[in-house]
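Next come the chains, spelled out residue by residue.
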Amino acid sequence: MGKAADLSEFDRGQIVMVRRLGTSITETSRLVGCSRSAVVSIHAKWINDVDTSSRRQGVRRPRVIKEKGRRRLSRLVKQNRRQTVAQLTAQYNAGPSASVSEHTVQRTLLDMGLFSRRPTRVPLLTKRHRQLHLQWDREHRDWTMDEWKRVAWSDESRFLIHHVDGRGRVRRLPGEHLLHSCTAGHTHAGGGGIMLWGTFSWTALGPVVVVE
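Residue numbers here run from 1 along each chain, matching the order of that chain's written sequence. Residue-level local features of this predicted model are given only where pLDDT is at least 70; pairs of side-chain atoms are given and counted only at 80 or more, and the full residue set underlies all totals for whole chains, interfaces and linings. Derived side-chain values reflect all non-hydrogen atoms in the structure, with water molecules and hydrogen atoms excluded from consideration.

K.L.:
Explain the overall build of the protein chain here, please?
P.N.:
Counting secondary structure elements, the protein chain contains ten helices and five strands. Counting all 212 residues of the protein chain, 31% fall into the buried class. The accessible surface values rely on the Shrake-Rupley method and a 1.4 Å probe; as for residues, cover is taken only from the protein chains in view. Carbon and sulfur atoms provide 55% of the accessible area of the protein chain, an area that totals close to 14,200 Å². Helix numbers and strand numbers start at the N terminus; a helix is a DSSP run of H or I with at least 4 residues, a strand a run of E with at least 2. Burial classes follow relative accessibility: with a 1.4 Å probe on protein chains only, a residue under 20% of its type's maximum area counts as buried, one over 50% as exposed, and anything between as partly exposed.

K.L.:
Mind showing me how you'd approach helix α6 (residues 85–93) here?
P.N.:
An α-helix turns once every 3.6 residues. As a result, residues three or four positions apart point the same way. Within the sequence span of α6, burial applies to Val85, Leu88, Thr89 and Tyr92. For α6, the arc enclosing every buried residue in end-on projection is 100 degrees, short of the 170-degree limit, so these residues lie on one face. For α6, the elements touching its buried residues are α1 (9–20), α5 (67–79), α7 (102–111) and β3 (170–172). Here the arc refers to the directions that run from the helix axis out to each C-beta atom. The criterion used for residue contact is that any of the two residues' heavy atoms lie within 4.5 Å.

K.L.:
Sorry, what's going on with the packing of α6 against α7 here?
P.N.:
Any two packed helices are characterised by the angle at which their axes cross and by the distance between the axes. Their axes nearest at 9 Å, the elements α6 and α7 cross at an angle of 105 degrees. Of the possible angle classes, the one that applies to α6 and α7 is roughly perpendicular. Contacts between α6 and α7 involve Val85, Ala86, Leu88 and Thr89 on the former and, on the latter, Glu102, Val105, Gln106 and Leu109. Axis angles are defined between N-to-C directions and span 0 to 180 degrees, where every axis is a line fitted to C-alpha atoms and, for a helix, only to the segment in contact. For classification, angles of less than 35 degrees are called roughly parallel, those exceeding 145 degrees roughly antiparallel, those between 65 and 115 degrees roughly perpendicular, and all remaining angles oblique.

K.L.:
What should I look at first to understand the side chain of threonine 108 in this one?
P.N.:
Looking at the secondary structure, you find threonine 108 in helix α7. With a relative accessible area of 7%, threonine 108 lands in the buried category. When neighbours within four sequence positions are excluded, threonine 108 is seen to be in contact with Ile65, Arg70 and Leu73.

K.L.:
Could you clarify how one ought to interpret the nonpolar core in this entry?
P.N.:
Side chains of nonpolar character tend, in soluble globular proteins, to be buried together. In these notes, a set of buried Ala, Val, Leu, Ile, Met, Phe, Trp, Tyr and Cys residues joined through side-chain atoms within 4.5 Å is what counts as a nonpolar core. Counting twelve residues, the largest nonpolar core is built from Phe10, Ile65, Leu73, Leu76, Val77, Val85, Leu88, Tyr92, Val100, Val105, Leu109 and Leu114. Taken together, the elements giving at least two residues each to this core come down to α5, α6 and α7. Ignoring sequence-local partners within four residues, the contact set of valine 100 consists of Val64, Ile65, Thr89, Tyr92, Asn93 and Val105. With nine residues, the next largest nonpolar core counts Val32, Cys34, Val39 and Ile42 among its residues.

Put into structure tokens, the structure is as follows:
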């Protein structure tokens with residue numbers, strides 16, 4: 001896991017905000033992807049910073065982005081979970097609301113619980129799936145050619161224009177880790193793609209269907 005010296009200013013800001021919201025050191029470490037010692041040192045530095053005395057006294061700044069703006073910001077995040085704070089700020093400022101800084105957008109996102117996390121890697125096959133596959137294979141290993149000719153096979157696959165290196169992050173709420181838009185298989189796509197389903201048998205090819 002990353003040490004304090006290896007973390008970006010954005011990650012440091014996330015650690016401070018998450019800890020301020022009452023998240024444990026262990027959970028903060030997991031969310032940001034760093035060591036527990038990094039969480040402790042960064043949070044302690046923030047507390048001891050002389051420029052943060054007003055925050056230590058519990059003084060909260062008034063919200064620059066009001067409730068309506070927060071709902072709009074949430075919609076922008078859900079349109080593309082991989083957008084950076086700079087991109088979200090540019091989109092937000094393109095609307096009818098008053099212009100805000102990237103720092104304000106980042107602080108609002110963290111306050112809303114929309115943390116930047118590594119995308120969830122969903123296993124292709126679970127242990128149970130593998131057991132069922134093996135069982136099915138054993139039950140059909142003695143089939144004749146005529147029996148196999150009565151079988152139709154189908155599958156689906158996603159075709160992408162190109163891929164990225166997979167080191168990106170997604171912005172999501174707790175509990176959204178299994179949403180399709182928050183998983184690694186989805187977020188590694190770049191430039192668009194299409195999901196297709198098809199089927200074939202011994203005698204014919206079936207249709208190719210676009211899966212929305």
